[in-house]
Amino acid sequence: MLSGRAVTLRPATDADVPALARIRTHPEVRRWWRGGDDLAGAVRADLDDDELTVYAVEFDGRVIGAIQWYAEPDPDYRHASLDLFLDPAVRGRGLGGDAVRTLIRHLIDQHGHHRFTIDPAAANTAAIRAYAKVGFRPVGILRRYERGADGRWHDGLLMDLLAEELAD
């Protein structure tokens, strides 16, 4: 279990699937985190992915989202990549930034990572602002990076952060 200023991160389990799938049904989350018609199956697939580590994000004793990371396996390109979703009902309180800071500190201290990436949709201005507050910087546009629910290709924004740039 990892403790932030306001949130707690703990390894997500099968018991978290209903809460996480419910959060992902919210239109503001589903827009960026699709998953098809079976969101519970999509959450379970993330939990079963051996390359991902998924934490449930808790606030005031309840699950409010998830944060996950994976490591680049090539030692010459070592870094960790993160992704996050939160219940829109708790947005605007700095909880996403707290979760990201908490995970990054853990990855620095326990896993020796020095560089981190995150790749929000280029149109997801709220996420981009939140990641910038933590210290992430834009690297560049990933053109036609992911297919949207509308079937069209959409741009992403690659952002990175070095360990010494992590903002409190």
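In short, a report on the structure. These numbers were taken from a predicted model, which means no experiment stands behind them.

Following the sequence through the fold, H106 ends up in helix α4 (residues 95-111). Since its relative accessible area comes to 16%, H106 is described here as buried. Within the structure, the side chain of H106 is placed 3.4 Å from the side chain of H111, a separation counted as a polar contact. If sequence neighbours within four positions are ignored, H106 has contacts with L2, Y55 and H111.

Moving on, we come to the pattern of salt bridges. All told, the structure shown has 9 salt bridges when counted by the stated rule. Two residues, D87 and R62, come together in a salt bridge whose shortest N-O distance is 3.9 Å. You can see D87 sitting in the loop between β5 (80-86) and α4 and its partner R62 sitting in strand β4 (residues 62-71), a full 25 residues away along the chain. Here R62 falls in the partly exposed class, since its relative accessible area comes to 41%. Linking D160 and R115 is a salt bridge whose minimum nitrogen-to-oxygen distance equals 3.6 Å. One end of the pair, D160, is in strand β8 (residues 153-162); the other, R115, is in strand β6 (residues 115-118), with 45 residues separating them in the sequence. Relative accessible area serves as the criterion here: at 18%, D160 is assigned to the buried category. Three or more residues are tied together by salt bridges with common partners; here these are R10, D16 and E58.

One way to put it is that α4 packs onto helix α5 (residues 125-134) with a least axis distance of 9 Å and a crossing angle of 45°. With respect to each other, α4 and α5 are oriented oblique. At the point where α4 passes α5, the crossing takes the right-handed sense. Contacts from G97, V100 and R101 in α4 reach Y131, K133 and V134 in α5. Classifying every residue of the contact of α4 with α5 by side-chain character gives 3 nonpolar, 1 polar and 2 charged.

What follows is about the packing of helix α1 (residues 17-25) against helix α3 (residues 39-48). Orientation of α1 relative to α3, taken along the N-to-C sense of each, is 120°, at an axis distance of 8 Å. The orientation of α1 with respect to α3, classified from their angle, is oblique. For the crossing formed where α1 meets α3, the hand is right-handed. Of the residues in α3, those touching α1 at V17, L20, A21, R24 and T25 are L39, A40, A42, V43, R44, D46 and L47. Classifying every residue of the contact of α1 with α3 gives 8 nonpolar, 1 polar and 3 charged.

Among the residues of α5, A127, I128, Y131 and V134 are the ones counted as buried. One face of α5 carries all of its buried residues, which in axial projection span an arc of 115°. Turned more than 90 degrees away from the buried face of α5 sit R129 and K133, all of them exposed. In this structure, the buried side of α5 is in contact with β5, α4, β6 and β8.

The next thing to look at is the sheet that holds strand β1 (residues 2-3). As summarised here, the arrangement of the 8 strands in space is β1-β2-β3-β4-β5-β6-β8-β7, forming an open sheet in which the pairing is mixed. Each edge of the open sheet is held by one strand with a lone partner, namely β1 and β7 (137-147). Here 7 bridges tie β4 to β5, and the two strands are oriented antiparallel to one another. Bridge assignment links I67 to a residue of β5, and that residue is L84.

About the cut-offs
- Residues numbered from 1 in each chain as written.
- Predicted model: local features only at pLDDT ≥ 70, side-chain atom pairs only at ≥ 80, totals over all residues.
- Heavy atoms only, no water.
- Helix = DSSP H or I, 4+ residues; strand = E, 2+ residues; numbered from the N terminus.
- Buried < 20%, exposed > 50% of the residue type's maximum accessible area, 1.4 Å probe, protein only.
- Polar contact = N/O pair within 3.5 Å; in protein donor to acceptor, adjacent residues only side chain to side chain.
- Contact = heavy atoms within 4.5 Å.
- Salt bridge = Lys/Arg side-chain N within 4 Å of Asp/Glu carboxyl O.
- Axes fitted to C-alpha atoms, helices over the stretch in contact; angles between N-to-C directions.
- Parallel < 35°, antiparallel > 145°, perpendicular 65-115°, else oblique.
- Left-handed = near helix turned anticlockwise from the far one by under 90°.
- Nonpolar A, V, L, I, M, F, W, Y, C, P; charged D, E, K, R; others polar.
- Arc of directions from axis to C-beta.
- Pairing = 2+ DSSP bridges.

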